[in-house]
Amino acid sequence: MSADEILEALDPEQRAVATALHGPVCVLAGAGTGKTRAITHRIAYGVRVSAYNPQSVLAVTFTARAAGEMRQRLRALGATGVQARTFHAAALRQLSYFWPQVVGGQIPQIVEHKAPLIGRAARQVGLSLDRLAVRDLASEIEWAKVSLVAAEDYVRVTADSSRPEPAGLSRTQVADAMRAYEEVKTDAVVLDFEDILLLLADIIGRHAEVGDQIRRQYRHFVVDEYQDVSALQQFLLDQWLGGREDLCVVGDPAQTIYSFAGASPRHLLGFSRRYPAAQTVRLVRDYRSTPQVVNLANGLMARRGVADAGVELVAQRPSGPAVGFKAYPDDAAEAAGVADAAQALIASGVSASEIAVLYRTNSQSELFEEAFAERGVGYLVRGGQRFFDRDEVKRAMVLLRAAAVAPDEASLGERVRSALSDIGWAESPPAERGAVRERWDNLQALVQLADDLDADAGGEMTMRDLVDHLVERAQAQHAPAVEGVTLSSIHAAKGLEWDAVFVVGCSEGLMPISMAETDEAVEEERRLLYVAITRAREHLALSFARARREGGKATRKRTRFLERWWPDAAPARAPRRSTKAELQELDAEQLRLFESLKRWRLETAQAAGKPAFTVLVDTSLVQIARDRPGTRGDLAKIGGIGQSKLEQYGLDILEIVAQH
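So, how was this worked out
Residues numbered from 1 in each chain as written. Predicted model: local features only at pLDDT ≥ 70, side-chain atom pairs only at ≥ 80, totals over all residues. Heavy atoms only, no water. UniProt positions renumbered as here; feature names shortened; annotations may be inferred. Helix = DSSP H or I, 4+ residues; strand = E, 2+ residues; numbered from the N terminus. Buried < 20%, exposed > 50% of the residue type's maximum accessible area, 1.4 Å probe, protein only. Contact = heavy atoms within 4.5 Å. Pairing = 2+ DSSP bridges. Axes fitted to C-alpha atoms, helices over the stretch in contact; angles between N-to-C directions.

- The name given to the chain in an unreviewed UniProt entry is DNA 3'-5' helicase, with the source organism recorded as Demequina capsici.
- Database annotation for the chain, UniProt heading Sequence similarities (unreviewed entry): "Belongs to the helicase family. UvrD subfamily."

## A short note on the UniProt feature "domain: UvrD-like helicase ATP-binding" (unreviewed entry) in the chain
Phase 1 of the analysis: Mapped onto this numbering, the UniProt entry gives "domain: UvrD-like helicase ATP-binding" (unreviewed entry) at residues 8-290.
Phase 2 of the analysis: The annotated region residues 8-290 carries 53% helix and 12% strand content, and the separation between its end C-alpha atoms amounts to 24 Å.

## Quick look at the environment of Ser 319
Phase 1 of the analysis: Within the fold, Ser 319 resides in the loop between strand S10 (314-315) and strand S11 (324-330).
Phase 2 of the analysis: Look at Ser 319 and you get exposed, because its relative accessible area is 59%.
Phase 3 of the analysis: Taking the C-alpha atoms as reference points, Ser 319 and Gln 292, separated by 27 residues in sequence, lie 6.9 Å from one another.
Phase 4 of the analysis: When residues no more than four places from it in sequence are discounted, the contact partners of Ser 319 are Pro 291 and Gln 292.

## Concerning the sheet that holds strand S7 (residues 247-251)
Phase 1 of the analysis: Ordered by their spatial adjacency, six strands build an open sheet running S3-S2-S6-S7-S1-S8, and the pairing between neighbours is parallel. Looking along the sheet, the strands with just one partner apiece sit at the ends: strand S3 (83-86) and strand S8 (279-283). Looking at each pair of strands side by side, their axes are set apart by 15 degrees on average, direction ignored.
Phase 2 of the analysis: Alignment of strand S2 (residues 57-61) against S3, held across four bridges, turns out to be parallel. What sits directly across from Thr 61, in S3, is Thr 86.
Phase 3 of the analysis: On the sheet, helix H5 (residues 87-102) packs against S2, S3 and strand S6 (220-223) and is oriented at approximately 110 degrees with respect to S3.

## Section: the UniProt feature "domain: HRDC" (unreviewed entry) in the chain
Phase 1 of the analysis: UniProt marks residues 587-660 with the feature "domain: HRDC" (unreviewed entry), using the numbering shown here.
Phase 2 of the analysis: Along residues 587-660 one finds 72% helix and 0% strand; the C-alpha atoms at either end are 13 Å apart.

Listed below in structure tokens is the structure:
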């Protein structure tokens, strides 16, 4: 492409970015505004007009996927030779080159997982931690290192900022563990990922010849997703620059969602103060989403006087369907409703791979996995393991199997709670955050499932029945990966987009999450919702459940963030009536049909070696007897009959109804 052709492919704002060849330049790019297009065309244009030597440009971003996309676009534009890497990949390449010259020998091994070393360090300072507490401590040590908080400053800094204490440890204990961890690493002669950036920055600062060589090599720097830069990454960037100003940064303060991991938008927001001569360009034309989606996103962030509100987007796509808002009576109903809506979109021609269900925490995925599996719709879980693949769930299955063979007169709920208490379940959720709370949430889901199944079985469910049911569920979740609906946490969805997005769990306590106790934390939750909304190109639906389980008390409220747009929701559904009460309302013919259905259910269950209620529960049989469905479509409207049960038992049931 010629220089003119490179520019012709851009809108006026993108062209302003591409022609601002010498820094400092700050690009405030809203969601869907083509920021990657703008910066890759800027680099390609600079190469084409001989303003840049391709080998002198270093573009850094945060994920290998984003770096790969940038390299691919640059090659297509003819800008071969430009280095586009993640911060860590670029730093490791340089550190590996200079280490033998400055330190001697080969660079130490990079450890992929800190947990074993942190566990050893914790023991050295007298801490007895389980696996998940070690993981939370590892996250805290990572935060301290990327925030440039030394062990001797940790107590003061975290106390001043009211940062929560991790894994139930005091700040002093964390500081002691930080010191011990560095000693353990030194003894083992290994480095962690944060050390790559720290050591390279230190070598550049201490050895002028190293800094000079790097600066002769790289003269032009581009930093993508600049709102997510940590103090450590900014420190390394400053070493690379060495006081020069040929820097272009791109970011969106409205998409800062990793503050818990040390990311900070202050570098982006303070760029013009640090570089008074900086040129600032705003990309506002949203090519991704319909006006309906864009208007909601703008409204969510329209807060006058707030510096991190980002840019106001201007939709470029034609009008699309209205944004959907829905309140469901309970969690299972929300999962079923979303799965049904996704199935309808697929039937209308939307590819399953262009549909996503986004939630706040990974523990929310289980019901959606089940709902999609029940309907035979393929799905992919992104940003977290499948529910039954999680370590605590696997251990729970082992304990429940063991409990199933031991005689016990206690109720199913009591036996399940007793078994799972050995691996961290308790009646009340833990005060700790992070992995400890996530483990409890997953175990609590098993406890609640056992209670629900036992209630449906009239208190007759055994531990063996529960284990068999869990095994069947685990097997059913292995849906085909091809053309699957994406199930993802919102954090893991950043940088991605789909034709249709369902944002679920839009209730207080989840959005904002209950752990967001400060104004700053609540505002980050608002930005997280903004990221979720702006993933949608055309179809967007937001929902929440009023109660956790069917017939439960409707105590949940929709999120405060959407109060302005949410239409008045229908009243919560009345608690489910007992089967006995429903039977009393059937006439004689309906009762005879009900008894025929019960005999069929018993025979079917005995032939399969399963409890009768696993075929269909009584409430479903009552509804069939009352409504007398005559077609598969009518039968699909019966509660408790999903796609798999419809295919397995539908013809038998319709034949029995026809006989009556």
